[in-house]
Amino acid sequence: MFILHKLFRIFITTIMVLAVSVVGFSQTQIGYGTFVSAPNNSNCSNCSNYQRDLASDASGNIFGGGTSQLVTSLIPVGTNSGPVFDNTFNGDWDGYLYKMASDGKSLLWWTYIGGALKDDIWGIEYSKEGANEYVYATGTSFGDMNIPAGKIVGPAYKSGKEAFLAKFDALTGSLVWFTWIGTTGNDFGFAVKVSSSNVHVVGKASELPFITTTGAYKTSSTYIDGFYARFNLAGTINYCTYLGFPHYWMDENWSKGAMGARGLDIINEGDVVIAGTTYADNAVAVTEKNALTTGTLVNASAQGFVLRLKLNSAGASDLDFATRIRKKDGNGTFTFCSDVKHSNGEIFVLGYTDGIVAGVPSSGVYQSTNAGSSDTYILKINATSYTCLLYTSDAADE
């Protein structure tokens, strides 16, 4: 059994998880569907909950994370006290992390991670490290989470919304270590992946002094930009860079989606692919290499990007590939990149657009044009020549 990250619905007052099992190659069955939330009542008539990400372990247990307005009395039924990091709702919006049994019948633990202001978990990842099991979480916080000093392994909180990375014991929900990833502006951690020796995080950071490392691809930025950061398993940072697709404004609450680096895949410890979205503005320069598309943008509000970094701490030489994923001129207004995967020498990009992506094949594919106001699309890019091998769109509004 496995979890399909995209097959869950987010409701205004509840969180739902679907576990999907595949039988052979032609039959898919829903193993169970369950809500992970408490219903509205007089104490919480307007509560909202958003689940951002899912992960699972080898036994099929499920980890979920997001942000919640649930007060203490409405914590979902399950193990929510004892060794977990925080079993108390702290006010406004709190990030949360939970573990559910593989049969979907019991919540093994639930912990908040937040303070009196708005806090959010955007990305989670399960990791088996020797005999131990952990779950990593990244997101953003206003810094009032009361993390014990002995658990903080990196720099101190600066100000505003600041990205963070946290490591939890997957068996108990207790906090192992915590580190801030931020500037004095507003910063977000959106996705986290774990390799054999490192933890990798992407998000967005302001142009104010950032924790970029010596020799990294881009150690400064004139505007808000996506970022990539790598830590060892003990939480020590060993590589951090901006991504070269900046803008003076990137919105995490725009109705069409959050901006910054959103997708991440690890080819090996020193080789990563990243995807995301930035505002489309010809006045703000971006850095491209082996680009799929060229030219200025016309009547566009957002453009995606994909890049590959080889982490040699050799400055600009660390960039192996970078391209905008943009719509054709005069066709649609936005193009987003949501996720990216590398497999068998090819890079796969998942996104959505209200137009037609420029610089891609237009024949021999399932669908070469969009059929609704906003359609999902898939790109396949050769990871050596960096030519686009396939582009296909879905056949309805998405």
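Analysis parameters
- Residues numbered from 1 in each chain as written.
- Predicted model: local features only at pLDDT ≥ 70, side-chain atom pairs only at ≥ 80, totals over all residues.
- Heavy atoms only, no water.
- Helix = DSSP H or I, 4+ residues; strand = E, 2+ residues; numbered from the N terminus.
- Buried < 20%, exposed > 50% of the residue type's maximum accessible area, 1.4 Å probe, protein only.
- Contact = heavy atoms within 4.5 Å.
- Areas by Shrake-Rupley, 256 points an atom, 1.4 Å probe, with all protein chains shown as cover.
- Pairing = 2+ DSSP bridges.
- Axes fitted to C-alpha atoms, helices over the stretch in contact; angles between N-to-C directions.
- 1 Å grid on protein atoms, 1.4 Å probe; cavity = no way out; pocket = protein on both sides within 12 Å on 5 of 7 lines; lining within 4 Å.
- Points joined across faces, edges and corners; volume = space filled by probe spheres on them.
- Nonpolar A, V, L, I, M, F, W, Y, C, P; charged D, E, K, R; others polar.
- Phe/Tyr/Trp six-rings, centres within 6.5 Å; stacked < 30°, edge-to-face > 60°.
- Lys NZ or Arg CZ within 6 Å of the ring centre and 35° of its normal.
- Salt bridge = Lys/Arg side-chain N within 4 Å of Asp/Glu carboxyl O.
- Patch = residues over 30% accessible without salt bridge, like charges linked within 9 Å, V, L, I, M, F, W, Y side chains within 5 Å.
- Core = buried A, V, L, I, M, F, W, Y, C linked by side-chain atoms within 4.5 Å.

Asks: Can you lay out the overall build of the protein chain for me, pointing to particular residues and giving the numbers?
Replies: Secondary structure summary: the protein chain contains zero helices and 22 strands in total. Here the protein chain, with 398 residues, has 56% of them falling under the buried criterion. Put simply, of all contacts in the protein chain between residues at least 6 apart along the chain, 62% involve residues at least 24 apart. In the form shown here, the protein chain has an accessible surface area of approximately 15,700 Å², with 51% of it arising from carbon and sulfur atoms.

Asks: Outline unusual backbone geometry, listing residues and values.
Replies: We note that Asn 146 has phi near 55°; this positive angle belongs to a residue other than glycine. Along the polypeptide, Asn 146 turns up in the loop between strand E8 (132-141) and strand E9 (162-169). The exposure class of Asn 146 is exposed, given its relative accessible area of 68%. The phi dihedral of Asn 290 is positive, around 55°, even though this residue is not glycine. Within the element layout of this structure, Asn 290 appears in the loop between strand E16 (271-279) and strand E17 (302-310). Judged by its relative accessible area of 41%, Asn 290 falls in the partly exposed class.

Asks: I'd like a description of the sheet that holds strand E11 (residues 188-194), backed by residues and values.
Replies: The four strands lie next to each other as E11-E12-E13-E14, forming an open sheet whose pairing is antiparallel. Looking at strand neighbours, the two that pair on one side only are E11 and strand E14 (237-242), the edges of this open sheet. Across the sheet, the mean angle separating the axes of adjacent strands is 15° when strand polarity is ignored. Bridge count for strand E13 (residues 225-232) against E14 is five bridges, and the pairing is antiparallel. By the bridge assignment for E14, Ala 229 is matched with Cys 240.

Asks: I'd love a proper account of the layout of surface pockets, names of residues and values included.
Replies: By volume, the second largest pocket amounts to about 280 Å³. Put simply, the parts of the chain that give the lining of the second largest pocket at least two residues each are strand E3 (49-56) and strand E7 (120-129). Taken together, the residues of the lining of the second largest pocket sort by class into four nonpolar, three polar and six charged.

Asks: I'd like a rundown of the sheet that holds E3, residues and numbers included.
Replies: Taken together, four strands build an open sheet; the order of strands is E3-E4-E5-E6 and the sheet is antiparallel. Either end of the sheet is taken by a strand with one partner, and the two such strands are E3 and strand E6 (107-113). Adjacent strand axes in the sheet meet at a mean angle of 20° when their direction is disregarded.

Asks: Give a detailed account of the packing of aromatic side chains, specifying residues and quantitative values.
Replies: Within this structure, the stated rule accounts for 23 aromatic pairs. When the ring of Phe 210 is compared with that of Phe 227, the centres are 5.4 Å apart and the planes differ by 65°; the resulting orientation is edge-to-face. Here Phe 210 is found in the loop between strand E12 (198-205) and E13, whereas its partner Phe 227 is found in strand E13, with 17 residues between them in sequence. For the pair Phe 210 and Phe 227, a shared accessibility class is recorded, and that class is buried. Each ring, one from Phe 321 and one from Tyr 386, has its centre 4.3 Å from the other, and the planes form 5°; the classification is stacked. One end of the pair, Phe 321, is in strand E18 (residues 319-325); the other, Tyr 386, is in the loop between strand E21 (375-382) and strand E22 (388-393), with 65 residues separating them in the sequence. Residue class for Tyr 386 comes out buried when judged on its relative accessible area of 6%. Here the basic side chain of Arg 52 rests over the ring of Trp 122, its NZ or CZ set 3.9 Å away from the ring centre.

Asks: Account for the pattern of salt bridges, with residues named and values stated.
Replies: Taken as a whole and judged by the stated rule, the model has five salt bridges. Linking Glu 129 and Lys 167 is a salt bridge whose minimum nitrogen-to-oxygen distance equals 3.0 Å. Of this pair, Glu 129 sits in strand E7 while Lys 167 is found in strand E9, placing the two residues 38 residues apart along the sequence. The pair formed by Glu 129 and Lys 167 is uniform in burial state, with each residue classed as buried.

Asks: Could you give me a rundown of a nonpolar patch on the surface, with the residues and numbers involved?
Replies: The grouping of Tyr 223, Tyr 248 and Trp 249 at the surface amounts to a nonpolar patch, some 340 Å² of accessible area in total. Residue position: Trp 249 is located in the loop between E14 and strand E15 (260-268).

Asks: Go over the side chain of Thr 213, please, and point to the residues and values.
Replies: Checked against the element boundaries, Thr 213 lands in the loop between E12 and E13. In contact with Thr 213, other than residues within four places in its own chain, are Thr 219, Asn 238, Tyr 239 and Cys 240.

Asks: Any details on the pairing of E9? Residues and values, ideally.
Replies: A large share of E9 lies buried, amounting to seven of its eight residues. Across eight bridges, E8 lies against E9 in antiparallel orientation. Counted as the bridge partner of Gly 139 is Phe 164 from E9. Pairing of E9 with strand E10 (residues 175-181), which is carried by six bridges, proceeds in the antiparallel orientation. Bridge pairing in E10 places Ala 163 opposite Ile 181. Where E9 folds back onto E10 in an antiparallel hairpin, the turn is made up of five residues, including Gly 173, whose phi is positive at roughly 80°.

Asks: Please provide a residue-by-residue account of the nonpolar core, values included.
Replies: Among the nonpolar cores identified, the biggest contains 21 residues, and Phe 63, Ile 113, Ile 124, Phe 164, Phe 168 and Phe 178 are the most heavily contacted of them. Of all elements in the fold, only E6, E7, E8, E9 and E10 reach the threshold of two or more residues within this core. When near neighbours in sequence (up to four residues on either side) are disregarded, Ile 113 contacts Phe 85, Asp 94, Gly 95, Tyr 96, Asp 119, Ile 121, Met 145, Phe 164, Ala 166, Phe 168 and Phe 178.

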